[in-house]
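# Geometric and topological summary
So you can see what is in the structure, the chains are spelled out below.
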Amino acid sequence: MSITREKPVVSKILQKEMLELLSNGVRIDKRKLDEYRKISYQTGIIEKADGSALLSLGETMVLVGVKVELGQPFGDTPDQGVLVVNAELLPLASQTFEPGPPDERAIALARYVDRSIRESNMVDLKSLVIVPGKVCYVVYVDVYVLDYGGNLIDASVLAAAKALENTKIRKYKVDENGKLTETENVENLKLNDFPISVTFGIINNKYFVDPNLEEEQTCDTFLTFTYTQTGNICAVMKNEQGLISPAQVIEMMELGWKKAKEISSLMLGGQKGNDQENIGNAGS
Amino acid sequence: MSTKRQLINEQGIRTDGRGVDDLRPIKITLGYLTHANGSVLYEQGKNKILAAVFGPSEVHPKHTELPDRAILRVRYRMAPFSTEERKSPAPTRREIELSMVIRNALESVVLTELFPRTVIDIFVEVLQADAGTRVAGVTAAALALADAGIPMRGITAGCAVGKVDGKIVCDLNDIEDKEGEADMPVAYIPTLNKISLLQMDGLMTQEEFKQALSKAINSAMKVYQLQVNALKTKYIKREEVKK
């Protein structure tokens with residue numbers, strides 16, 4: 001059962017100020033309506049994981065770890081490997097997160113990250129098959145929200161994509177009897193794309209990108225688009241209650257692509273190679 | 001892919017004989033259940049969805065109530081026999097997400113502020129699934145809410161659109177949903193010209209997305225007409241009985 005949650009209390013004074021500022025095209029933290037907070041990331045910081053990325057988006061911090069194991073392809077896709085995405089809203093990230101199994105917010109987040117990666121064809125699932133129908137790589141992507149400062153979706157999608165880019169898989173040899181032997185060879189995951197998600201907050205029919213925590217608590221609703229590198233849309237999700245006009249959906253889609261290109265150049269700008277750490281910075 | 005079967009032929013006809021903009025046949029049976037305050041059996045093609053509403057009633061457990069409004073509790077569930085392969089009766093992550101998505105869509109239209117400290121329970125049971133069940137679920141829930149006499153800002157009508165064989169197509173059926181390139185469920189409130197549910201997965205260009213959104217709204221308008229007719233018919237029947 002999905003049950004109405006109490007909205008976090010934001011002081012009336014703050015709300016009023018936020019709305020007044022918004023009508024003049026300014027935000028509570030002095031950003032412009034189409035301005036992201038600073039994005040920075042480090043990759044490869046969890047040595048025992050096969051891939052990892054720690055990404056911060058303003059005050060929001062998300063750690064994604066990737067583990068790759070051997071498993072069996074699904075019956076209906078014998079020629080594809082398996083991708084599993086899970087998300088945990090850790091209780092230390094916010095007082096509103098409670099210990100226990102993932103709640104509907106965590107599940108919706110994980111499923112959106114999954115859709116963004118899967119539908120953009122980021123991970124070449126066909127390349128993950130070792131013996132068709134029998135053995136394949138199973139790629140587990142675990143999203144750990146460490147600090148909740150608003151806009152978890154964008155931070156999680158970007159961190160997951162960055163962690164996958166950082167992921168190495170061990171190669172196996174298959175002999176004529178179908179027996180597997182581990183080799184010394186380690187390769188990068190084969191990737192086809194790099195999805196970029198852009199989230200809008202909407203208050204009183206005014207929309208802006210990358211809501212921070214206070215804005216998120218005041219917003220009527222949210223809309224997220226995920227774009228591929230060529231500008232196709234691979235996932236969309238309206239979150240929370242609240243209504244949006246069709247015309248604004250299209251406006252946001254167009255502005256979102258502009259922002260996605262900017263974020264993309266930052267996310268893919270870091271030097272390529274096998275560095276332990278890639279640090280990217282941008283924004284304000 | 002060479003193995004992929006063709007889902008739309010050269011004449012623009014789909015596997016079930018429809019054109020690209022046609023909806024599947026829709027049948028609305030209001031008041032299907034006797035004990036719920038409002039209920040409907042909503043059939044759209046092979047989809048059979050039962051929605052029921054209870055309330056507004058006292059909240060248990062008490063601590064979940066809100067002082068200024070009613071809370072909504074929504075359960076979306078698929079029956080184990082509703083799909084080709086048996087579905088485990090345990091709640092899946094998909095069902096948990098869809099319960100939330102449906103609740104979010106309905107919260108924006110139900111006048112919950114009229115019933116503080118109460119709960120409105122909404123149950124959406126998919127008895128047979130044939131693609132587009134979440135939007136059919138929202139459509140059915142809106143009808144059940146209206147049948148229960150719960151005040152709303154407008155009637156929500158839902159319809160999914162998608163991309164099949166490179167074309168934007170309305171109201172996907174099961175094969176189109178599984179083998180098509182994209183699926184986009186939309187719920188729309190015609191009287192407000194607002195969208196209350198929007199999701200998409202698959203691949204679309206930005207132009208296709210625009211086209212899909214406008215086709216979704218057109219389809220929702222058709223669903224809305226059927227909803228209004230069904231409600232009016234039931235209401236008029238009641239009036240006649242009273243005389």
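Residues numbered from 1 in each chain as written. Chains lettered and ligands numbered in written order. Predicted model: local features only at pLDDT ≥ 70, side-chain atom pairs only at ≥ 80, totals over all residues.

## Regarding the confidence of the model for chain B
Applied cut-off: Along the chain, pLDDT gives the predictor's confidence residue by residue, from 0 to 100.
The pLDDT averaged across chain B works out to 95; a share of 98% of its residues lies at or above 70. ipTM for the predicted complex: 0.92, alongside a pTM of 0.93.

## Side note on helix α1 (residues 93-107) of chain B
Residues and elements named next belong to chain B. Selection criterion: The helix and strand labels rest on DSSP assignments: H or I over at least four residues marks a helix, E over at least two residues marks a strand, and numbering proceeds from the N terminus. Helix span, expected: 1.5 Å multiplied by one less than the number of residues in the helix. Think of it as a crowd count around each C-beta: if 20 or more other C-beta atoms lie within 10 Å the residue is buried, if 12 or fewer it is exposed, and in between it is partly exposed, with C-beta placed from the backbone throughout.
Between its first and last C-alpha, α1 extends 21 Å over 15 residues, near the 21 Å set by a 1.5 Å rise per residue. With 12 of its 15 residues buried, α1 lies for the most part within the structure. Every buried residue of α1 is listed here: I96, E97, L98, S99, M100, V101, I102, R103, N104, A105, L106 and E107.

## Some remarks on the environment of L152 of chain A
All names here are of chain A. For the record, the criterion: By the convention adopted here, residues are in contact when the distance between their C-beta atoms, placed from the backbone, does not exceed 7 Å.
Mapped onto the fold, L152 is located in helix α3 (residues 152-165). Classification of L152 as buried rests on a count of 26 C-beta atoms within 10 Å. Considered as a pair, L152 and A106 are 46 residues apart in the sequence and their alpha carbons are 10.0 Å apart. The contact partners of L152, leaving out residues within four places of it in the chain, are T60, L109 and V145.

## Details of helix α1 (residues 12-23) of chain A
Relative to the 16 Å expected for 12 residues at 1.5 Å per residue, α1 of chain A spans 17 Å between its end C-alpha atoms, a close match to the ideal helical length. Looking at the residues trailing α1 of chain A, positive phi occurs at G25 of chain A, about 80°.

## Notes on the interface of chain A and chain B
In plain terms, the rule: In the scheme used here, Gly and all other residues not listed as nonpolar or charged are polar, with Ala, Val, Leu, Ile, Met, Phe, Trp, Tyr, Cys and Pro taken as nonpolar and Asp, Glu, Lys and Arg as charged. Strands are labelled as partners when DSSP assigns at least two bridges between them.
Facing the 31 residues of chain A at the interface are 35 residues of chain B. Class assignment of the residues belonging to the side of chain A that touches chain B gives a composition of 17 nonpolar, seven polar and seven charged. Across four bridges, the pairing between strand β13 (residues 233-239) of chain A and strand β9 (residues 194-204) of chain B is antiparallel. Paired with M237 of chain A across the strands is Q199 of chain B, a residue of β9 of chain B.

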